[in-house]
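Close look at the chain arrangement
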Amino acid sequence: MVQFPGGRPNAILKEEAEASVRLEPGVVAIFPMQEKENPTQIRILEIYASRGAYESHLKTPHFQKYKTTTLKMVKALRLVDMESLDAKTMTHIFRKLNKGQPSGDLVNQGLRLRRCLA
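Report follows, based on the coordinates. None of the values given here were measured: they were computed from a predicted structure. (Residues numbered from 1 in each chain as written. Predicted model: local features only at pLDDT ≥ 70, side-chain atom pairs only at ≥ 80, totals over all residues. Heavy atoms only, no water.)

Considerations on helix α1 (residues 10-23)
With 14 residues, α1 extends 20 Å between its outermost C-alpha atoms, agreeing within 8% with the 20 Å of an ideal straight helix rising 1.5 Å per residue. Those residues of α1 lying buried are Ile12, Leu13, Glu16, Ala17, Ala19 and Ser20. Along its buried surface, α1 packs onto β2 (27-34), β3 (41-48), α2 (51-57) and α3 (61-70). (Helix = DSSP H or I, 4+ residues; strand = E, 2+ residues; numbered from the N terminus. Expected span 1.5 Å × (residues − 1). Buried < 20%, exposed > 50% of the residue type's maximum accessible area, 1.4 Å probe, protein only. Contact = heavy atoms within 4.5 Å.)

In structure tokens:
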């Protein structure tokens, strides 16, 4: 869980998500979202092709920029590993999953929910 006191980091969240999906083959999706009732409460759904793709993502310049930019804004961080309940449907939604990897491996190893509170 991440808390961003004193404002919402919308620009850096959008920039990091866009760069990650565009530049990293192993990043299937990154969706920053905010709660309707409390727009400073941020959640980020991240889907990676594998555990290795996630670990590589953490070392990229755009992620490092995100981390350093938001470092003083982050009050708390909680990462939650998830498993897909319907891997077949997910591969239809995220066509990127089907590129050269077994879909079950991608789906079951690559889901991470970063819960962010602003």
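Notes on the packing of aromatic side chains
Counted according to the given criterion, the structure contains two aromatic pairs. Judged by centre distance (5.1 Å) and plane angle (70 degrees), the rings of Tyr48 and Tyr54 are edge-to-face. What makes Tyr48 buried here is its relative accessible area of 1%. Here Phe63 and Tyr66 contribute two aromatic rings whose centre-to-centre distance is 5.8 Å and whose plane-to-plane angle is 40 degrees, an arrangement assigned as tilted. Here the residue Phe63 and the residue Tyr66 both occupy positions in helix α3, the gap between them amounting to three residues, near one helical turn. The residues Phe63 and Tyr66 share a single accessibility class, namely buried. (Phe/Tyr/Trp six-rings, centres within 6.5 Å; stacked < 30°, edge-to-face > 60°.)

Structural notes on α3
When α3 is considered as a whole, its buried residues turn out to be His62, Phe63, Tyr66 and Thr70. What you see down the axis of α3 is that its buried residues fit within an arc of 100 degrees, all on one side. Turned more than 90 degrees from where α3 packs its buried face, Pro61 and Thr68 sit exposed. (Arc of directions from axis to C-beta.)

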